[in-house]
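A look at the structure
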Amino acid sequence: MENDTISFCVQPGGTLRGEARVPGDKSISHRSIMLGSLAEGTTRVTGFLEAEDCLATMNAFRAMGVEIEGAEKGEVSIRGVGLHGLRAPEEPLYLGNSGTSMRLLCGLLAGQDFDSILTGDVSLSRRPMKRVTEPLRTMGAMVETTEAGTAPLRIYGRAKLKGIHYEMPVASAQVKSCLLLAGLYASGQTCVREPAPTRDHTERMLAGFSYPVTGKDETVCIQPDGKLLACDIDVPGDISSAAFFMVGAAIGEDADVTLRHVGVNPTRTGILDILRLMGADIQVLNPREMGGEPVADVRIRSSRLYGIEIPQELVPLAIDEFPVLFVAAACAEGETRLSGAAELRVKESDRIQVMADGLQVLGIEAQPTPDGMIVRGGKLSGGKVRSHGDHRIAMAFSISALRGGGLIEIDDCANVNTSFPSFVELARKLGLNITAVCGEIL
Ligand code: S3P
């Protein structure tokens, strides 16, 4: 089912001030359902992200016979069926807009003794899936894509998987996690080597479920035949959602925002490092650990930002934050250069092209390159921009209005519900003059 049309209208100006808690981390919420379903015993989750992507994962496991209560105010209770307890779904599993659901499930389902089909919306059906199906085939999986290497994915059960040592050509936590989940069902050890560190929530959560994960440096390994033991999971706030208000406070005038209980796993904090290099005033307060994940409160105040060359090693650590980082770059003095980020072209939209197009509409010099962008800071005007149905593009352009010279209207924003359903409400509470309207503006 595709979403109805919603547009955002954002009045220029405004100041972000106050405290907020952003919704739960999307990556961790997905994994809590997956591992909780495969565990022995009941897993209780708090802080779960009740957004379309994670609900797609939840529905997929329900369709495979897992009893899941909630989500109710972020609380979910999953009655695990054990590693071999999933049942064949009666219909194809529809995963909406969610790349994480599709890529991780593909690995997990390759190891089952039943067939399954994974489908998604228009955007997900365009995204590259060979990055998971090819290494899975090397493991012995029987998986089919379209000729273009896209969904629907047909996964045939009863394959005899064998462990492999895989060198990932691109730094991708989804590929790594997919292969680790397949590795639960393979004979022998499965190891994945990443070219640069990527988010390690799967590894941390497996350990939380008492399932040993080994390896060192850039390599992570898993052995089959273990057991996942149910545990309680407290999902921290999503730093990728917090990022919009971090940039909003940094670029705005007289802003002072504290975001409580944000996940600050070092494989996710590239946004903090990049903003600091640009001159942002950011404090990480009360650092603590909750269920194996680092958490903190983050305070951001207005500051003068400067263009920088973004260090390549920070790219995978901020991969979802570039739409809003381009907005920071548009408000900075001088030029910001990003390279080594070709992955942005295969996210929910081509985030390099779509952000460059939108920034140009708003009067900013933004030059897309094959693997990045060059943005010259300037004066943002008002205008109508296209989000291409990409949640993070819609939210990034909303934030740009804090420095806009006129009304900013953004089309096709319903997919904000895939990751941050309360965005408009929370943004308004903090001081953004944003309204969601039904219908098209373009
Ligand atoms: C995710 C990994 C990243 C990220 C996505 C969530 C995950 O994708 O962009 O939003 O939960 O593992 P890639 O693995 O494709 O980089």
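All of these numbers come straight from a predicted model, not from anything done at the bench.

Computed from the structure, the second largest pocket encloses a volume of approximately 570 Å³. Forming the boundary of the second largest pocket are 37 residues, of which Ala171, Arg199, Ile319, Asp320 and Lys347 lie nearest the centre. Those elements giving two or more residues to the lining of the second largest pocket turn out to be helix H1 (26-38), helix H3 (99-110) and helix H5 (173-183). Looking at the lining of the second largest pocket, the element that brings in the most residues is H1, giving four residues. A class-by-class count of the residues in the lining of the second largest pocket yields nine nonpolar, 12 polar and 16 charged. Among the domains, domain 1 (6-24 + 236-438) and domain 2 (26-234) are the pair contributing at least three residues each to the lining of the second largest pocket.

A separate point is the pairing of strand S13 (residues 219-222). Residues Thr219 and Cys221 line one face of S13 and the alternating positions Val220 and Ile222 line the opposite face, and both faces are buried. By the bridge criterion, four bridges tie strand S11 (residues 190-193) to S13 in an arrangement that is antiparallel. Residue Thr190 lies in a different strand from S13, and its bridge partner there is Ile222. Summarising the sheet, strand S12 (residues 213-214) and S13 pair through two bridges and their orientation is antiparallel. What sits directly across from Val213, in S13, is Ile222. What sits between the antiparallel neighbours S12 and S13 is a turn of four residues, in which Gly215 has the positive phi angle 110 degrees.

On to the UniProt feature "active site" (unreviewed entry) in the protein chain, then. Feature annotation in UniProt places "active site" (unreviewed entry) on Asp320, given in this structure's numbering. Note that Asp320 resides in the loop between strand S17 (293-301) and helix H9 (322-330). If we skip the residues at most four places from it in the chain, Asp320 touches Arg199, Ser240, Lys347, Arg351 and Arg392.

Let us look at the nonpolar core. In this structure, Phe245, Met246, Leu259, Leu275, Phe322 and Phe423 are the most contacted members of the largest nonpolar core, which totals 83 residues. The element contributing the most residues to this core is helix H7 (residues 239-251), with 10 residues. The contacts of Met246, once residues within four sequence positions are left out, are Ile239, Leu259, Ile271, Leu272, Leu275, Val298 and Ile300. Of all hydrophobic cores here, the second largest spans 68 residues; its members include Leu136, Leu153, Ile155 and Phe209.

This part covers the domain arrangement of the protein chain. Each assigned domain of the protein chain is listed here: domain 1 (6-24 + 236-438) and domain 2 (26-234). A separation of 28 Å is found between the C-alpha centroids of domain 1 and domain 2. Taken together, the contacts link 29 residues of domain 1 with 25 residues of domain 2. When domain 1 packs against domain 2, the two sides together hide about 2300 Å² of surface, and 45% of this comes from carbon and sulfur. Applying the counting criterion to the domain 1 and domain 2 interface returns three salt bridges. Of the charged contacts, one joins Arg127 and Glu348 as a salt bridge, the two residues approaching to 3.9 Å between their closest N and O atoms.

As a matter of local geometry, the ligand sits amid Ser27, Arg31, Thr100, Arg103, Ser172, Ala173, Gln174, Arg199, Ile319, Asp320 and Lys347. With respect to the ligand, the side chain of Ser27 contributes an N or O atom lying 2.7 Å from an oxygen atom. Here Gln174 contributes a backbone N or O atom positioned 2.8 Å from an oxygen atom of the ligand. Protein coverage of the free-state accessible area of the ligand, which is 390 Å², stands at 95%.

For the rest of this paragraph, the subject is helix H10 (residues 351-361). Helical geometry: 3.6 residues make up each α-helical turn, so side chains three or four residues apart lie on a common side. For H10, every residue scored as buried is listed here: Arg351, Ile352, Val354, Met355, Ala356, Gly358 and Leu359. Following H10 by one or two positions, Gly363 adopts a phi angle in the positive range, close to 85 degrees.

The subject of this paragraph is the environment of Leu181. When you line up the elements, Leu181 lands in helix H5. Each C-alpha atom of the pair Leu181 and Gly111 lies 8.5 Å from the other, and the pair is 70 residues apart in sequence. Residue contacts for Leu181: discarding those within four places in its chain leaves Met34, Leu35, Leu104, Gly107 and Leu108.

Parameters at a glance
Residues numbered from 1 in each chain as written. Predicted model: local features only at pLDDT ≥ 70, side-chain atom pairs only at ≥ 80, totals over all residues. Heavy atoms only, no water. 1 Å grid on protein atoms, 1.4 Å probe; cavity = no way out; pocket = protein on both sides within 12 Å on 5 of 7 lines; lining within 4 Å. Points joined across faces, edges and corners; volume = space filled by probe spheres on them. Helix = DSSP H or I, 4+ residues; strand = E, 2+ residues; numbered from the N terminus. Nonpolar A, V, L, I, M, F, W, Y, C, P; charged D, E, K, R; others polar. Domains from an automatic or database assignment. Buried < 20%, exposed > 50% of the residue type's maximum accessible area, 1.4 Å probe, protein only. Pairing = 2+ DSSP bridges. UniProt positions renumbered as here; feature names shortened; annotations may be inferred. Contact = heavy atoms within 4.5 Å. Core = buried A, V, L, I, M, F, W, Y, C linked by side-chain atoms within 4.5 Å. Buried area = accessible area lost by both parts, 1.4 Å probe. Salt bridge = Lys/Arg side-chain N within 4 Å of Asp/Glu carboxyl O. Near = heavy atom within 4 Å. Polar contact = N/O pair within 3.5 Å; in protein donor to acceptor, adjacent residues only side chain to side chain. Areas by Shrake-Rupley, 256 points an atom, 1.4 Å probe, with all protein chains shown as cover.

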